Structures are given as structure tokens and as C-alpha cells.
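Listed here are the chains, written in short residue letters.
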Amino acid sequence: MKEQGFDAYIIPSGDGHLGEYTPEHWKGRAWISGFTGSAGKVVITADKAILWTDSRYFLQSAEQIKGTPFELYKEDVPGVATLEEFLSTLGNGKVVACDGNCFSQAQIEHLAEYLKPFGVTIATERDLLDTIWSDRPEIPKNPFYLYPDEFSGEATGDRLNRIRKEIKKHGADFTIVTMLDELAWLFNIRNSDVECNPVGIGYGYLDQKQAILFTFAEKLTKEVADKLSREGVAIKPYEEIFSFLAKVSPTQKLLIDKGRISHNVFAALPEQIATVEVVPSVITIQKSYKNPTECANIHRAMLRDGVALTRFFMWLENALNRGETFTEVALDKYLADFRAADDMYICDSFDTICGYQDHGAIVHYRAQEDTCYTVRNEGVLLLDSGAQYKDATTDITRTIALGDKAPDKQLVEDYTLVLKGHIAIATAQFPEGTRGNQLDILARKPLWDRGLSYGHGTGHGVGVALNVHEGPQNIRTDNNPTPMAIHTFTSNEPGLYRAGKWGIRIENLILTVEKCQTDFGRFFGFETQTLCFLDNRLVDKSMLCDKERTWYNEYQEQVYRELSPLLTKEEAAWLRSKTLPL
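Residues numbered from 1 in each chain as written. Predicted model: local features only at pLDDT ≥ 70, side-chain atom pairs only at ≥ 80, totals over all residues. Heavy atoms only, no water.

The protein is annotated in an unreviewed UniProt entry as Aminopeptidase P family protein from Porphyromonas miyakawae.

Novice: So what exactly am I meant to see when it comes to the overall build of the protein here?
Specialist: Of regular secondary structure, the protein possesses 18 helices and 29 strands. In terms of overall dimensions, the protein is globule-like: its C-alpha atoms have a radius of gyration of 24 Å, near the 25 Å expected for 582 residues. Dimensions of the protein, computed from C-alpha atoms along their principal axes, come out at roughly 70 × 55 × 50 Å. Contacts spanning at least 24 positions in sequence make up 68% of the contacts within the protein whose residues lie at least 6 apart. (Helix = DSSP H or I, 4+ residues; strand = E, 2+ residues; numbered from the N terminus. Rg over C-alpha atoms; globule rule 2.2 N^0.38 Å. Contact = heavy atoms within 4.5 Å.)

Novice: Would you mind going over the environment of Phe-326 with me for this structure?
Specialist: Along the chain, Phe-326 turns up in strand β15 (residues 326-327). Taking relative accessible area as the criterion, Phe-326 reaches 6% and is therefore assigned buried. Taking the C-alpha atoms as reference points, Phe-326 and Val-375, 49 residues apart in sequence, are found 5.3 Å from one another. Apart from the residues lying within four places of it in its own chain, the contact partners of Phe-326 are Trp-315, Leu-316, Ala-319, Leu-320, Leu-331, Tyr-334, Tyr-373, Thr-374 and Val-375. (Buried < 20%, exposed > 50% of the residue type's maximum accessible area, 1.4 Å probe, protein only.)

Novice: So what exactly am I meant to see when it comes to the nonpolar core here?
Specialist: The nonpolar side chains of a soluble globular protein tend to be buried with one another. Within the largest apolar cluster, 74 residues are counted, with the highest numbers of intra-cluster contacts made by Phe-313, Leu-331, Leu-381, Leu-419, Phe-526, Leu-534 and Leu-563. For Leu-419, the contacting residues outside a window of four places in its chain are Ile-506, Leu-534, Val-539, Leu-544 and Tyr-552. Residues Leu-87, Ile-108, Leu-183 and Phe-187 belong to the second largest nonpolar core, which totals 68 residues. (Core = buried A, V, L, I, M, F, W, Y, C linked by side-chain atoms within 4.5 Å.)

Novice: Any chance you could explain the UniProt feature "domain: Peptidase M24" (unreviewed entry) in the protein here in plain terms?
Specialist: The positions that UniProt labels "domain: Peptidase M24" (unreviewed entry) are, in the present scheme, residues 297-512. Counted over residues 297-512, helix gives 32% and strand 26%. Its end C-alpha atoms are 16 Å apart. (UniProt positions renumbered as here; feature names shortened; annotations may be inferred.)

Novice: How should I be thinking about the side chain of Ser-491 in this particular structure?
Specialist: Considering the arrangement of structural elements, one finds Ser-491 in strand β25 (residues 489-492). Ser-491 gets classed as buried once you look at its relative accessible area, which sits at 0%. Of note is the side chain of Ser-491, whose polar atom sits 2.8 Å from the side chain of Glu-493. Not counting residues up to four positions away in its chain, the partners in contact with Ser-491 are Thr-458, Gly-459, His-460, Val-462, Ile-475, Glu-507, Asn-508, Leu-509 and Ile-510. (Polar contact = N/O pair within 3.5 Å; in protein donor to acceptor, adjacent residues only side chain to side chain.)

Novice: Which parts of the structure should I look at to understand a nonpolar patch on the surface?
Specialist: A contiguous nonpolar surface patch, about 250 Å² in accessible area, is contributed by Ile-441, Leu-442 and Trp-448. Relative to the assigned elements, Trp-448 resides in helix α16 (residues 436-448). Look at Trp-448 and you get partly exposed, because its relative accessible area is 43%. (Patch = residues over 30% accessible without salt bridge, like charges linked within 9 Å, V, L, I, M, F, W, Y side chains within 5 Å. Areas by Shrake-Rupley, 256 points an atom, 1.4 Å probe, with all protein chains shown as cover. Salt bridge = Lys/Arg side-chain N within 4 Å of Asp/Glu carboxyl O.)

Novice: Looking at this structure, I do not really get the pattern of salt bridges. What am I missing?
Specialist: When their charged atoms lie close together, side chains carrying opposite charge are able to pair. Scanning the entire structure with this criterion turns up 40 salt bridges. One salt bridge in this structure joins Lys-258 and Glu-109, with 3.2 Å as the shortest N-O distance. Highlighted residues: Lys-258 in the loop between β13 (253-256) and α11 (263-267) and Glu-109 in helix α4 (residues 105-115), separated in sequence by 149 residues. When its relative accessible area of 16% is taken as the criterion, Lys-258 is described as buried. In this structure, the salt-bridge partner of Lys-169 is Glu-166, at a minimum N-O distance of 3.3 Å. Taken as a pair, Lys-169 and Glu-166 lie in helix α7 (residues 156-169) at a separation of three residues, close to a single helical turn. Within the structure, one salt-bridge network assembled from shared partners comprises Asp-181, Lys-287, Lys-290 and Glu-470.

Novice: What am I meant to see in the packing of helix α15 (residues 409-426) against α16 here?
Specialist: Relative orientation and spacing of two packed helices are given, respectively, by the angle between their axes and the distance between those axes. Between α15 and α16, whose axes approach to 7 Å, the crossing angle comes to 160°. Comparing the axis directions of α15 and α16 gives the class roughly antiparallel. Two packed elements cross with a definite hand, and for α15 against α16 that hand is right-handed. Between α15, through Leu-417, Val-418, Lys-420, Gly-421, Ala-424 and Ile-425, and α16, the contact on the second element is made entirely by Leu-439, Leu-442, Ala-443, Pro-446 and Leu-447. (Axes fitted to C-alpha atoms, helices over the stretch in contact; angles between N-to-C directions. Parallel < 35°, antiparallel > 145°, perpendicular 65-115°, else oblique. Left-handed = near helix turned anticlockwise from the far one by under 90°.)

Novice: I keep staring at the UniProt feature "domain: Peptidase M24 C-terminal" (unreviewed entry) in the protein and nothing clicks. Help me out?
Specialist: Sequence positions flagged by UniProt for "domain: Peptidase M24 C-terminal" (unreviewed entry) are, in local numbering, residues 523-582. What you have in residues 523-582 is 47% helix and 10% strand, and the ends, taken at the C-alpha atoms, are 30 Å apart.

Novice: When you look at unusual backbone geometry in this model, what are you seeing that I'm missing?
Specialist: Across the chain, the bulk of peptide bonds are trans and the bulk of non-glycine residues have phi less than zero. At the junction of Val-279 and Pro-280, the peptide bond is cis and its omega measures out at -5° in the coordinates. Looking at the secondary structure, you find Pro-280 in the loop between β14 (274-277) and α12 (282-288). With omega at 10°, the peptide bond leading from Gly-471 into Pro-472 counts as cis. Take Pro-472: it is sitting in strand β24 (residues 470-475).

Novice: Help me out: how do you make sense of the sheet that holds strand β11 (residues 211-215) in this one?
Specialist: Backbone-to-backbone hydrogen bonds join strands into a sheet, with any given pair of strands oriented parallel or antiparallel. Across the sheet, which stays open at both edges, the six strands sit in the order β12-β11-β10-β8-β13-β14 with mixed pairing between neighbours. A strand with exactly one partner marks an edge of an open sheet, and here the two such strands are β12 (233-237) and β14. Taken over all neighbouring pairs, the strand axes of this sheet differ in orientation by 25° on average, direction set aside. As defined by bridge partners, strand β8 (residues 174-177) adjoins strand β10 (residues 203-207) across four bridges and the pair is classed as antiparallel. Looking across to β10, one finds that Val-177 is bridged to Gly-204. Most of the contacts of helix α8 (residues 180-187) go to β11, to which it runs at about 130°, and overall it touches β8, β10, β11 and β12. (Pairing = 2+ DSSP bridges.)

Novice: What exactly am I supposed to notice about α16 here?
Specialist: One full turn of an α-helix is made of 3.6 residues, so residues set three or four places apart face in the same direction. Here α16 is 13 residues long and its end C-alpha atoms lie 18 Å apart, about the 18 Å a rise of 1.5 Å per residue gives. In the structure, α16 departs most strongly from a straight axis at Leu-442, where the bend amounts to approximately 30° and where the proline Pro-446 lies between one and four residues downstream. Along α16, the residues classified as buried are Gly-436, Asn-437, Leu-439, Asp-440, Ala-443, Arg-444, Pro-446 and Leu-447. The inward-facing, buried residues of α16 abut α15, β22 (429-431), β24, β26 (495-498) and β29 (521-528). (Expected span 1.5 Å × (residues − 1). Bend = angle between axes of the 7 residues up to and from the residue.)

Written as C-alpha cells, this is what we have:
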């Protein structure tokens, strides 16, 4: 920094393609700070090292940076300076630097505008980590594989033409793809470059005449290259994206979402290029609409996932009753094995959160061998897990009471309050155009009425054999202008966390569907897709109204009805005992 004349350097969580989950090559924030959560950013100055992260990671980050020079700045906590506020205090003439590949154009424009009145400028040309990270992993070059039409429901050529129509509709000529899930979806390809997310490194370009995939030669098998060629996709080297864009005619108009294109890619274009901004990007929007084939695949994957989870929980209960014990790390591996017994399983869709007792209160807890608990036949277990199958992605959280002892009364009350919020989302009916932030209160009100809350979102979009977190829709308090749309796939996961005691979260995946049409317009609602029993022992039915009890009992019956034909007689009988009506 001193050599370059930089007064502060920012290291984000995102990678060179703006991903939430990143290849090892771009995990610079974790490398320099020791904090391994999926969200956070670091600022280094001559005399300070600061980590910002959100409430999901307050406990984890504090533990992981203990004993280091890093200070924790808690995001969205009153009185705590934001990153922008901190940088504005550096002083007139100071320079803030970052790797512009790892920041979106929107982020750089926002930061530059915020800091301009304070005389602070931004430099985006240097990746300083390359100068000090001597054993930095290489950019991964795993081979792409084809995602067949029987899973995607749409040929690559047809998908390209669908996006071309969107480009033309908005009065633009071309678009650029930075984000890896958009790239995988657009070209019907998958990869293993990013742990838990079946995406691969590359850029995309699309206009009315040509489609180009910029990637490393070793990532393309002959089968993939030939198929893409037949679908009208040209292949160019990964690094050529910058020189290629520099030669784009300045009379062309770029369709852009500045939040989904990296700053350095945008900066490669001629300065006079005209832009048409659509937020969120048309690819993200179109990707969120699941077609009939994808919807059918989602249901089949939920059946397989439900079978695996039923067998896992039955095995766990029987093993604990025999007096066996397991570490949280071991349970993570056992659950993966149960899922892997299905030949459609690829990998987990994220790092499993297996939180026993008060570890469940750490929202994004990751069990480690040296600090994990031993799970015994008592207390409560929070298990948040998911899988990437060849045809769909799953994400589910269950909170389960262990042992024969009656659960703590406070735990039951807490669980039932979370359940009430979960049911409120599952049964919601709302007019077309309703946004997720307008629905979020339904999940929180039972908790707010008791002076309780939780710090994470209530729901995120989910991909189909893609990233477990996607947009544009979500259900959370933040203002998101994107309405809930037909056949978008979202999580429903309210929670409650008492530090030192327990964590509770109930998560199912839901599909937005049309409920009815009246003189007042179309009304939408949700169909729950996840199939796994809820723990009757943790429910205080006196706290549920008739509508809530009806939903609960019908859901439990649906779980038994759909999963039992796929189970052995013994397994079905066990599941029957778990799904009896309240």
C-alpha cells in the first residue's frame, strides 16, 4: 500500500465474478483475517484492520478474529460506522484501493459518489493480494459438463434467443455476463469450480448475432465444445474478454445491471458506450421463472431428499437410544452419506449447519473438529442442510428435540412462535405485484409481539441445480422492488436464537403459484415443496389457531403420504409415528 500510495485497501467476500461462494483463489478476506463466513469485508489501513459482517456472523467472527489485530464492526448496529463512513474519515486527498474485478460497477459508483465530498478517491487497478499471498491457489480449471434439456426444459439456442428478445425489448444491442450462475444457466453448462455450487469460471457475451463463452481451453471437452458450437456459441480465451470489449463499437447499446457486472469488465468498454440499465438483470429475472420441467424436477428431488432425511433422522434416533454419541462434524458426514446413496446426488448445496444446543444459536455455524460438541440423547439439534442433485437443489432446516425427556417449556414456546411465522408465510395469499419485504412481517409478527426477533432474512431465491442462493426475489425486511412472481422458488425460514441456550429455525422451500382471480385482480400464494416431518414434541398446540393446526396436520400427512411408498415398511411406520396429527 505504501509503495502504491494507497491509504486504505478493501478486501471483499466476493470473487472475480461477484459470487457469494468463491473458489479458493479469491478467498482473500478469509486468508488475511481468519474469518471464514460467506459475508463480510475487510479494510486495511496503516494502523488499523477492520472486519465488517452482519448479524448472522457476529458470534462466529468474534471468535475467529480473537487474538488478531482485527476489530469487528457489526453491520446495521446503531452507532457502528459503516465501511463508507469509516473511509470518509481518512481525510482529503487520501486514496482507497481495491481489486476492481471483485466489485460490481454499482458498488464502485456508490463508493466513489459517497467519498467524493470528503476528497477521498478510489483506485481499482491493483490486486495487492497477489504480491503477498505466496501460496495463493490458482483459478480453478475444472471441465464443464452439459446440463441436458431433460433437466433444463429448454435448449441452449432457445434460451439464447429468449434473452436476445429481452435485449431488443429494452432497446439495447448486447449484454455481458459476469456472474457464474447466469453463465451456467444461459449456456446450459455446469461445473465444479466453486464448492457446493455447480458453476464454472468464465464470462459471456450475447448480441443478436453471436454468443461467446470466454473461458480456459482446458475447461472444454470436445463434447461440450461441439454441443455449444451447434447451439451457436463461440469459444474465446478467458483473458480476451477485456480486449474484446475494448473493440465493441461505441454506437452499440449495452443492456446492463450494474450490480451484476464487475467494475473492471465494465471499464474495458469504450468510454462513450451507451447503456440501458435494467435491474435486476434480465438473465437473473428469466432464470428465476422455473419452467414446467424444472418444477417437476424440483418435486422429484424433494421426494429423494425427504427419503434421505427420514432415514437419517430414524438412524440418528435409534443410534442415540442405543447410547451412541456423535460429534457435530460426524453427523454432517453421515447426513451427506445418506443423500449420496441416491445416484442423482452431486454434492451438498452449502456447508451443513449442525448446531447442537447453544451452537444452534450461531446462525451460520460451521462445526470444526477441535471445537465441535458431542451430540447426546438429550437437548435440541438444529440441522440446516441441502443437496445439489442433477436435476434440482434443496435447502432445509429442521430443529429436533433429542431423548425421552420432555423439551424445555421455553424451547417449546420459542419453537411454536417460529412455527406460527413459518405457517403465516406458507399460507399467505396476496395480490399480484406484492414484494417479499411486504410479506416478511407475517413471519416476524408472532415474535415481535413478544419482543423477540431474528437478524437474518426470511427467504431467499433458490436455483435449480444451481446456486442455493439466487435472486431477484426474496423475503426480508430490506426494500427489494422485485415482486413475487409465478413459479419462483424461495425459502421460508424464520428463526429465533438465544445465545448460550439454543437456536431454532424451520425452513421449507416454496413455489409461488396463482391462487385465484377476482374482481380485484390475480392473487398469488405458495406451495410448500420440501417434504420432511416437523417435530410434534416441540409444538404447543394451544398456541396455534385452527387455521394453523389445520395447515400443520395437513403438511405432516402430506409428508407421510408422499414419502411412505418410497420407504421400507419399518421406515414408513417410524415416519407415521412422527407425522401423527396434533
